There are 2 protein chains.
Amino acid sequence: MIIQHFVRVQTSTRDKIVFAAMRLFGEKGYNSTSVADILNASGMNAGSMYHLFPGKQDVLLAVLDTYLEGIQPMLLAPAWAEVPDPIERVFALLGSYRKRLTSTDCTYGCPIGSIALELHEPDPAVRDRLAANFAQWVDAVEQCFVEAGARLPKSVNRRQLAVMALTTMEGGVMLSRTDRSPRAFDDAIRQYRGYVDLLLHSRKR
Amino acid sequence: MIIQHFVRVQTSTRDKIVFAAMRLFGEKGYNSTSVADILNASGMNAGSMYHLFPGKQDVLLAVLDTYLEGIQPMLLAPAWAEVPDPIERVFALLGSYRKRLTSTDCTYGCPIGSIALELHEPDPAVRDRLAANFAQWVDAVEQCFVEAGARLPKSVNRRQLAVMALTTMEGGVMLSRTDRSPRAFDDAIRQYRGYVDLLLHSRKR
DNA sequence: GTCTATAACCCGATAGAC
DNA sequence: GTCTATCGGGTTATAGAC
């Protein structure tokens, strides 16, 4: 979900607006980003934006759709390019969030998580897209654990383990952003790895 | 951190404002709560509020201080009243968040976590108090694992395990609130318990 | 489709009488 | 300390010329 990975040429007015909004929503949040901010950052003007989008929330919908489309090519593909092992892929993915965190002095982590907690009563269209982003992330990690096959005990619920990868990452980002230190993120991930390692070496199958 | 547990008589104007703000910040978030909202909910007027507080952010500081003071008497004490076992206390605490989640149709969970992600560049005074709330929570859970003594392998880092309890709760609340279902929260907590159980029964000491 | 100007509204904060 | 009225500025969204 690293914004800089979106390298496709941003030629259309629509793309300029969506990518400017994506960056701003990630940096300042949705409510704290004004339409004027988006227009300044994208170099567009109000008439163009309101011609293309009914309102600010529709820009958010486009941003969330773009994140969703980007999960495979922009988030997973780079993180997994040189990591064939399915278990290691889970930690490579988590590592990509650590990189994002430290490369911004722990000022932001997962934009989806931030928006999910910022908007307390989101419009159903927004909530659906947030849920879809989370679901696709969990699906991908679950698939890793499924591919690990018999290396994990049969009794272990792959889905739950994947959900825990996401909660650990999101919770770790929350605490590390608050502390402006990767410490809590590292603590949580280390324990998650400890758990997975225990499962890998468990005698129970 | 359950608001309803604050039963002390709210007699002073200051308390009325702080507790009204506490409820509103939890329900709608900080930015989406206007000063007018706080005044309406508390029955006070602008002059009184601005006489007692320099501005809206100072009300937030008072709210965060109130949460911090309430961790022991309002959050831990009720959750642990009938749970003497230190390990079970950790899960009783996590269970209190599940109760909070389900009793609100999964519309809100931890107000500290919500504010922590809502405010992207909080004033240092705010950030310090958010961090203090997280730290005190983790301290209390760490103490549980310390008290569990030799039941846990010596090699297990108690602090990290406590941090993971918090990240699991916060991440679980985030996903469950988005899905409007306790499913993800339960999934994450179940795996956390699975990990702790593995540690308790580990042959390594 | 693009641009400027502005409408209509809500925000946090303040003034000043009592 | 409490109240009313209001200021100055920022917000989303729109109108209308080009």
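Residues numbered from 1 in each chain as written. Chains lettered and ligands numbered in written order. Predicted model: local features only at pLDDT ≥ 70, side-chain atom pairs only at ≥ 80, totals over all residues. Heavy atoms only, no water.

## Quick look at the overall build of chain A
What chain A contains, in helices and strands, is nine helices and zero strands. Walking chain A from its N terminus toward its C terminus, one meets helices and strands in the order α-α-α-α-α-α-α-α-α. Each principal axis of the C-alpha distribution contributes one length, and for chain A these read about 65 × 35 × 30 Å. Counting all 205 residues of chain A, 55% fall into the buried class. Partitioning the intrachain contacts of chain A with sequence separation of at least 6 by distance along the chain shows that 67% fall at a separation of at least 24. By element, 50% of the accessible surface of chain A is carried by carbon and sulfur atoms, the whole surface being about 8,500 Å². Across chain A, the centroid of the 24 positively charged side chains sits 5 Å from that of the 22 negatively charged ones. (Helix = DSSP H or I, 4+ residues; strand = E, 2+ residues; numbered from the N terminus. Buried < 20%, exposed > 50% of the residue type's maximum accessible area, 1.4 Å probe, protein only. Contact = heavy atoms within 4.5 Å. Areas by Shrake-Rupley, 256 points an atom, 1.4 Å probe, with all protein chains shown as cover. Lys, Arg positive; Asp, Glu negative; His and termini not counted. Charge placed at Lys NZ, Arg CZ, Asp CG, Glu CD.)

## What about the protein's contact with DNA strand D?
Near DNA strand D the following residues occur: Thr-33, Ser-34, Val-35, Ala-46, Tyr-50, Gly-55 and Lys-56 of chain A together with Thr-13, Asn-45, Gly-47, Ser-48 and His-51 of chain B. Within 4 Å of the protein, the contacting atoms of DNA strand D are drawn from sugar and phosphate to the extent of 68%. At 3.1 Å, a side-chain N or O of Tyr-50 of chain A approaches a phosphate oxygen of DNA strand D. Between DNA strand D and Lys-56 of chain A there is a distance of 2.9 Å, counted from a phosphate oxygen to a backbone nitrogen or oxygen. Contributing elements (two or more residues each) for the surface near DNA strand D: α3 (46-52) of chain A together with α3 (46-52) of chain B. (Near = heavy atom within 4 Å. Polar contact = N/O pair within 3.5 Å; in protein donor to acceptor, adjacent residues only side chain to side chain.)

## Re the pattern of salt bridges
In the structure shown here, the tally under the stated rule is 18 salt bridges over all chains. Ionic pairing is found between Arg-193 of chain B and Glu-88 of chain B, a salt bridge with its closest N-O pair at 3.0 Å. Taken together, the positions of Arg-193 of chain B in helix α9 (residues 183-200) and Glu-88 of chain B in helix α5 (residues 86-102) put the pair 105 residues apart, joining distant regions of the chain. The partly exposed category is assigned to Glu-88 of chain B, whose relative accessible area is 33%. In this structure, a network of salt bridges that share partners links the residues Asp-139, Glu-142 and Arg-159 of chain A. (Salt bridge = Lys/Arg side-chain N within 4 Å of Asp/Glu carboxyl O.)

## Notes on the protein's contact with DNA strand C
Lining the immediate surroundings of DNA strand C are Thr-13, Asn-45, Gly-47 and Ser-48 of chain A together with Thr-33, Ser-34, Val-35, Ala-46, Tyr-50, Gly-55 and Lys-56 of chain B. Sugar plus phosphate: this is where 69% of the atoms of DNA strand C within 4 Å of the protein reside. Contacts to DNA strand C include Thr-13 of chain A, whose side-chain N or O atom sits 3.4 Å from a phosphate oxygen. Elements represented by at least two residues in the surface near DNA strand C include exactly α3 of chain A together with α3 of chain B.

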